[in-house]
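Each chain, letter by letter, is given below.
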Amino acid sequence: MKRLTAFLFLIALAAPSAASAQEADPHAIYEQSCARCHEAHAGDFVHNKLDLKEGRLVGKSSGRDVETFLAGGHGRLSDAERQILIDHLIAIRRSGQLFHDKCLTCHDRAVDLARSQLIMKDGILVGRYSGRNIADFLQDHGRLTPDETARMIEVLERQLQGPAN
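Residues numbered from 1 in each chain as written. Predicted model: local features only at pLDDT ≥ 70, side-chain atom pairs only at ≥ 80, totals over all residues. Heavy atoms only, no water.

> Any chance you could explain the packing of helix α8 (residues 110-117) against helix α10 (residues 146-159) here in plain terms?
Axis angle and axis distance: for two packed helices, these are the angle between their axes and the distance between the axes, and together they describe the pair. Close contact between α8 and α10 brings their axes to 8 Å; oriented N to C, the two are set at 75°. Taken together, the axes of α8 and α10 are roughly perpendicular relative to one another. Between α8 and α10, the contacting residues are Ala110, Val111, Leu113, Ala114 and Arg115 on the first element and Val155, Leu156 and Gln159 on the second. Partitioned by chemical class, the residues of the contact of α8 with α10 number 6 nonpolar, 1 polar and 1 charged. (Axes fitted to C-alpha atoms, helices over the stretch in contact; angles between N-to-C directions. Helix = DSSP H or I, 4+ residues; strand = E, 2+ residues; numbered from the N terminus. Parallel < 35°, antiparallel > 145°, perpendicular 65-115°, else oblique. Contact = heavy atoms within 4.5 Å. Nonpolar A, V, L, I, M, F, W, Y, C, P; charged D, E, K, R; others polar.)

Listed below in structure tokens is the structure:
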């Protein structure tokens with residue numbers, strides 16, 4: 001019995017915790033570490049305050065490199081959190097404001113829509129309840145061009161990163 005208890009204790013220690021899963025969520029990192037002083041949502045912050053120059057995020061008004069600024073202690077992020085956040089902010093900047101411009105009128109934030117209504121099944125984004133292929137669905141929904149449909153799929157798939165949904 002003691003061996004079984006010890007074994008179960010070791011398994012519990014080795015299992016990823018809810019906190020480590022939460023740390024991997026770029027939305028949670030932004031909202032916990034940045035939103036109390038900056039815009040509430042990373043998308044608004046990126047498009048209002050940051051530019052992408054030569055693959056690096058810089059402040060629009062200061063021209064300061066965001067990654068260097070964060071590495072200096074701003075936001076008190078771990079190295080892993082900083083990299084997750086930078087990757088997330090760059091992805092937002094590169095995607096433009098497609099969701100904002102085409103979807104926000106009818107839908108809530110992209111992360112909320114994706115995590116409540118969508119799943120990945122066999123590598124394809126599908127409706128959580130309908131099972132419908134979302135790339136096919138978007139061809140007749142939201143007035144998206146084929147290029148915008150491909151970008152939107154990337155945006156929505158990226159939203160599924162983070163805590164298990």
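> Can you help me understand the nonpolar core in this one?
Side chains of nonpolar character tend, in soluble globular proteins, to be buried together. Judged by nonpolar contacts, the single largest core of 17 residues is most densely connected at Tyr30, Leu50, Leu57, Leu85 and Leu89. Sorting the residues of this core by element identifies α3 (26-33), α4 (42-49), α5 (66-71) and α6 (79-95) as the ones contributing at least two each. With 5 residues, the single largest contributor to this core is α6. Those residues within four positions of Leu85 in sequence are excluded, and the remaining contacts are Pro26, Ile29, Tyr30, Cys34, Leu70 and Leu77. By size, the runner-up hydrophobic cluster in this structure holds 16 residues, among which are Ala110, Leu118, Ile134 and Leu144. (Core = buried A, V, L, I, M, F, W, Y, C linked by side-chain atoms within 4.5 Å. Buried < 20%, exposed > 50% of the residue type's maximum accessible area, 1.4 Å probe, protein only.)

> Explain the side chain of Asp25 here, please?
Structurally, Asp25 can be placed in the loop between α2 (18-23) and α3. A distance of 3.1 Å separates a polar side-chain atom of Asp25 from the backbone nitrogen of His27. Here Arg115 takes part through its side chain, which lies 2.9 Å from a polar atom of the side chain of Asp25. (Polar contact = N/O pair within 3.5 Å; in protein donor to acceptor, adjacent residues only side chain to side chain.)

> Where do I start with the pairing of strand β4 (residues 124-127) in this structure?
On a regular strand, one side chain projects to one face of the sheet and the next to the other, so that they alternate. Strand direction decides the pairing type here: strand β3 (residues 118-121) and β4, joined by 4 bridges, are antiparallel. If you follow Leu118 over to β4, its bridge partner there is Gly127. Once β3 ends, the chain turns through 2 residues before running back antiparallel as β4, passing Asp122 with a positive phi of about 55°. (Pairing = 2+ DSSP bridges.)

> I keep staring at the packing of α4 against α6 and nothing clicks. Help me out?
For the pair α4 and α6, the least separation of the axes is 9 Å and the interaxial angle reads 65°. As the angle between them shows, α4 and α6 are arranged roughly perpendicular. Note on packing geometry: the crossing formed by α4 with α6 is right-handed. Here Ala42, Gly43, Val46 and His47 of α4 come into contact with α6, specifically with His88, Leu89, Ile92 and Arg93. Residue composition of the contact of α4 with α6, grouped by class: 4 nonpolar, 3 polar and 1 charged. (Left-handed = near helix turned anticlockwise from the far one by under 90°.)

> How should I be thinking about the environment of Val46 in this particular structure?
Along the chain, Val46 falls in helix α4. The class for Val46 is buried, based on a relative accessible area of 0%. For Val46 and Gly96, which are 50 residues apart along the polypeptide, the C-alpha to C-alpha distance reads 9.7 Å.

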